[in-house]
Each structure stands twice: as C-alpha cells, then as structure tokens.
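The lines below spell out each chain.
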Amino acid sequence: MKIERLIIKTKKLKEQLRFYKDRLGFELISYHEKSFLLKAGYSELCLEYDEHFTPYHLAFHIPDETEEEAVKWIENERPVLKDNGEKIIDFSNWKAKSVYFYDEDHNIVELISRRDFQKSKSALFSADSIIGIAEIGLSVTEVEPVFRKLRSDCLLHQYDGDLENFCAIGDEEGLLICVNQHHKKWFPTSDKAKPASINLDFQHRGKHFNLIYDKTSIQLSEK
C-alpha cells in the first residue's frame with residue numbers, strides 16, 4: 001500500500017506552514033488561503049483549515065538506521081516524545097525503530113525507520129531524507145467492519161493487531177493504524193484517539209484508490 005497523497009485538517013494553518021516549511025525544511029508545492037501542500041518524498045501531504053479539527057497520528061518513512069540522526073534533527077526544534085525514557089522506540093516485531101514528536105496542532109508525528117526498507121543516500125538528515133508517508137491513524141467505533149471493507153474492496157491485509165482494539169491494515173510500505181476510540185489511546189503519549197477526518201489516495205496491487213473518512217463512516221472508491 002503506497003500512500004500517494006494525504007489530506008488532513010489543521011486549526012493552525014500559518015503555524016503549521018512555518019513549522020513544516022521554514023523550520024523542518026519540507027518543500028512547499030502550493031499554498032492557498034485555507035490550505036497548503038507539501039512534498040514528503042514520494043507522497044504529498046495537504047493541510048486544510050478546519051475550525052473543528054481534532055489531532056492525528058501520522059508517520060513518515062525515513063531511511064534504514066537513521067533514527068539517531070532523526071532525533072538530532074527534531075530536537076533542534078522541539079522535544080522528542082519518549083516511551084519509558086527512551087527517545088528511540090524499538091519495534092522488533094516490525095523490524096523498525098521510531099521517533100515521535102508533536103507538531104503545532106499537537107498531532108503525534110512519527111519517523112519510522114524500517115530495516116532494509118531504504119538505505120540513506122546522505123550522511124546529513126533533513127526533510128529531503130523523508131521517503132514517503134508511512135502511516136495514518138484511523139480512530140473508529142468498531143475495528144472489524146473497517147478491516148473487512150478494506151480487505152473486500154481493495155485487498156488490504158491485516159499486518160498486525162486484532163480486530164477489536166487495534167489493527168494495522170496494509171503492509172510495510174503503508175499502513176492504516178485503525179484503533180477503537182473507546183478502548184485505545186495513541187502511542188506513545190496515551191493521548192485520546194479522537195476521530196479525525198482524512199482524505200487518502202493510495203496505490204495497491206497496481207490499482208489506485210481514494211479513501212474518505214468523515215469521522216463516522218468510510219467511503220472507498222477506485223480511481
């Protein structure tokens with residue numbers, strides 16, 4: 001599952017633009033009065049203003065074994081979020097390590113380094129090191145119906161978790177982190193997993209799909 005474009009909401013449009021473009025160095029593709037579009041490796045990330053915004057969990061792929069450089073990069077701007085005192089979280093069953101931080105909207109942003117996914121091309125870590133969007137969180141009332149719809153309509157698989165509280169849907173290239181909003185909180189902060197609307201374009205098995213989640217239901221169509 002390759003995430004090509006992700007549209008999320010923001011309550012702090014100008015602050016988010018300054019944070020991602022000016023402080024972290026993401027390339028700005030376009031800017032409008034109530035939205036802007038960023039280049040994130042092979043993916044595009046669009047933020048649109050919405051006064052009814054609720055925070056997200058999202059993740060970016062970074063090259064293999066660059067998590068220590070990622071920590072230094074983020075700590076130039078803000079603290080890294082820790083788990084049991086650790087800045088780099090080891091997910092051995094996923095063969096991955098992750099670094100977390102908050103952006104200006106209090107979104108939990110993850111930089112995930114998967115073993116053998118892609119080697120670094122430079123000794124310096126920057127926004128240009130971002131490979132693509134790796135994950136987006138999906139807070140729902142029931143996990144199993146969402147998984148069954150995605151499996152039926154576009155052949156996405158259960159990557160990890162169960163069908164009750166948490167299910168990572170997709171593959172190493174891209175995941176929907178589907179959680180039961182009544183029972184789960186976002187790792188590593190234990191922030192409440194509130195439903196947040198998304199508009200997602202992704203590619204899977206040679207086909208292109210659009211997924212829209214309006215905080216209550218999912219609309220899925222082939223492009």
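Now for a look at the structure at hand. (Residues numbered from 1 in each chain as written. Predicted model: local features only at pLDDT ≥ 70, side-chain atom pairs only at ≥ 80, totals over all residues. Heavy atoms only, no water.)

Glancing now at the pairing of strand β17 (residues 218–222). On any regular strand, side chains alternate: one points to one face of the sheet, the next to the other face. Pairing geometry for strand β16 (residues 207–213) and β17, over 5 bridges, is antiparallel. In the sheet register, Asn210 faces β17, and the bridge partner there is Ser221. If you look at the hairpin formed by β16 and β17, you'll find 4 residues sitting between the two strands, and Lys215 has a positive phi there, around 85°. (Pairing = 2+ DSSP bridges. Helix = DSSP H or I, 4+ residues; strand = E, 2+ residues; numbered from the N terminus.)

Attention shifts here to the sheet that holds strand β8 (residues 108–114). With respect to topology, 8 strands assemble into an open sheet ordered β6-β7-β8-β5-β9-β12-β11-β10, the strand pairing being mixed. Each edge of the open sheet is held by one strand with a lone partner, namely β6 (89–91) and β10 (158–161). Going from strand to strand, the sheet's axes swing by 25° on average, the running direction of each strand aside. (Axes fitted to C-alpha atoms, helices over the stretch in contact; angles between N-to-C directions.)

This part covers unusual backbone geometry. Phe187 connects to Pro188 through a cis peptide bond whose omega is 0°. The topology assignment puts Pro188 in the loop between β13 (185–186) and β14 (191–192). Positive phi, normally seen in glycine, also occurs at His106, with a value near 70°. Here His106 shows up in the loop between β7 (96–102) and β8. Phi at Leu155 is positive, roughly 65°, even though this residue is not glycine. Note on Leu155: relative accessible area 44%, which makes it partly exposed. (Buried < 20%, exposed > 50% of the residue type's maximum accessible area, 1.4 Å probe, protein only.)

To continue, consider empty space enclosed by the protein. Scanning the model with the defined rule gives 1 cavity of 30 Å³ or more in all. The calculated volume of the largest cavity comes to roughly 30 Å³. Pro55, Tyr56, His57, Gly137, Leu138, Ser139, Trp186, Lys194, Pro195, Ala196 and Tyr213 together form the lining of the largest cavity. At 3 residues, the largest contribution of residues to the lining of the largest cavity is made by strand β9 (residues 132–140). (1 Å grid on protein atoms, 1.4 Å probe; cavity = no way out; pocket = protein on both sides within 12 Å on 5 of 7 lines; lining within 4 Å. Points joined across faces, edges and corners; volume = space filled by probe spheres on them.)

Ordered by their spatial adjacency, 7 strands build an open sheet running β2-β3-β4-β1-β15-β16-β17, and the pairing between neighbours is mixed. Of all the strands in the sheet, just β2 (27–32) and β17 have a single pairing partner and so form its edges. Taken over all neighbouring pairs, the strand axes of this sheet differ in orientation by 15° on average, direction set aside. Across 7 bridges, the pairing between strand β15 (residues 198–204) and β16 is antiparallel. Across the sheet, His204 pairs through a bridge with Lys207, a residue of β16. Helix α1 (residues 13–23) rests against β1 (2–10), β2, β3 (35–40) and β4 (43–49) of the sheet, and its axis sits at about 20° to β3. Where helix α3 (residues 143–154) meets the sheet, its contacts fall on β15, β16 and β17, and the angle it forms with β17 comes to roughly 10°. (Contact = heavy atoms within 4.5 Å.)

Time to look at the pattern of salt bridges. With the rule as written, the count across this model stands at 12 salt bridges. In this structure, Glu48 engages Lys9 in a salt bridge whose closest nitrogen and oxygen atoms are separated by 2.9 Å. Of this pair, Glu48 sits in strand β4 while Lys9 sits in strand β1, placing them 39 residues apart in sequence. When its relative accessible area of 26% is taken as the criterion, Glu48 is described as partly exposed. When its relative accessible area of 21% is taken as the criterion, Lys9 is described as partly exposed. For Asp64, the salt bridge goes to Arg115, with nearest N and O atoms at 2.7 Å. Of this pair, Asp64 sits in the loop between β5 (57–62) and α2 (67–75) while Arg115 sits in the loop between β8 and β9, placing them 51 residues apart in sequence. (Salt bridge = Lys/Arg side-chain N within 4 Å of Asp/Glu carboxyl O.)

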